[in-house]
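Residue strings, one per chain:
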Amino acid sequence: PVVEEETPPQQRLKFMVINNVSKHKNVIQILESANVYGYQPIMCQMGKMRRLIPEPLLENLISFDTLSEMKAYLTEQNVKLVGIEITDQSIALPEYNFPVNIALMPGNEGLGLSEKQIEVCDEFVYIPHYGNGTASLNVHIATGVILH
């Protein structure tokens, strides 16, 4: 994977959007991975889940009540919202050109991205799988692969 333009890393906007991930352990692991790779956390409609997350992972947290509010914020910042999902429009990770300003949004552990989440995404990326095994990975593992 490559970045679209040669913009210095410190000038890029990188966000990790947490919405509809149901298991707090997965949320924590996604936030830990995002932190390692310099992605700022955005939580949308997470309610009680926020109380279960250790304070250090909530540094610089941006919170929204709705997906449309979150999308408006990202659009204002010129950030593309990229869903981690297998769709007809998805681009395989090895061929995907990461936008300079990006917000990644993984889906729910069992159902993937909801219709509302898909509607607000600008692009989609997926991890190609080989062989006859399962077509999905644990949400925090898949997110970590994309981040790496």
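A.B. asks: What is the right way to look at the nonpolar core in this model?
C.D. replies: Where a protein is soluble and globular, its nonpolar side chains tend to be buried together. One finds M16, I18, V27, M43, I53, L104 and I146 to be the most contacted residues of the largest nonpolar core, which totals 29 residues. Not counting the four nearest positions on each side in its chain, M43 is found in contact with I18, V27, M49, I53, L58, L61, I62, S63 and F64. Residues I42, C44, V120 and F124 belong to the second largest nonpolar core, which totals 17 residues.

A.B. asks: Hey, could you run me through the sheet that holds strand β8 (residues 102-106) in this one?
C.D. replies: Backbone hydrogen bonds hold the strands of a sheet together, and the pairing may be parallel or antiparallel. The strand order across the open sheet formed by seven strands is β4-β3-β2-β8-β5-β9-β6, and the pairing between neighbours is parallel. The open sheet terminates on both sides in strands that have one partner only, identified here as β4 (62-64) and β6 (91-92). By the bridge criterion, four bridges tie strand β2 (residues 14-18) to strand β3 (residues 40-44) in an arrangement that is parallel. The residue bridging V17 from the neighbouring strand is I42, located in β3. The sheet contacts of helix α1 (residues 24-36) involve β2, β3 and β8, and relative to β2 the element is tilted by about 180°.

A.B. asks: What's the story with helix α4 (residues 139-147) in this structure? I'm lost.
C.D. replies: Each α-helix turn comprises 3.6 residues. Residues three or four places apart therefore point the same way. By the criterion of burial, α4 is predominantly enclosed, with seven of the nine residues buried. Among all positions of α4, only V139, H140, A142, T143, G144, I146 and L147 are buried. In the core, the buried residues of α4 are packed alongside β2, α1, β5 (80-84), β7 (97-98), β8 and β9 (123-126).

A.B. asks: For this particular structure, what's the right way to read the packing of aromatic side chains?
C.D. replies: By convention here, two paired aromatic rings are described through the distance between centres and the angle between planes. All chains considered together, the criterion is met by three aromatic pairs. Seen in terms of ring centroids, F15 and Y73 are 6.1 Å apart; in terms of plane orientation they differ by 75°. Their pairing is edge-to-face. Of this pair, F15 sits in strand β2 while Y73 sits in helix α2 (residues 67-76), and the two are 58 residues apart along the sequence. Centre to centre, the rings of Y96 and F98 are 5.0 Å apart; their planes meet at 80°, and the pair counts as edge-to-face. You can call Y96 buried: its relative accessible area is 1%. Members of the aromatic cluster, each reached through a chain of ring pairs, are F15, F64 and Y73.

About the criteria used
- Residues numbered from 1 in each chain as written.
- Predicted model: local features only at pLDDT ≥ 70, side-chain atom pairs only at ≥ 80, totals over all residues.
- Heavy atoms only, no water.
- Core = buried A, V, L, I, M, F, W, Y, C linked by side-chain atoms within 4.5 Å.
- Buried < 20%, exposed > 50% of the residue type's maximum accessible area, 1.4 Å probe, protein only.
- Contact = heavy atoms within 4.5 Å.
- Pairing = 2+ DSSP bridges.
- Helix = DSSP H or I, 4+ residues; strand = E, 2+ residues; numbered from the N terminus.
- Axes fitted to C-alpha atoms, helices over the stretch in contact; angles between N-to-C directions.
- Phe/Tyr/Trp six-rings, centres within 6.5 Å; stacked < 30°, edge-to-face > 60°.

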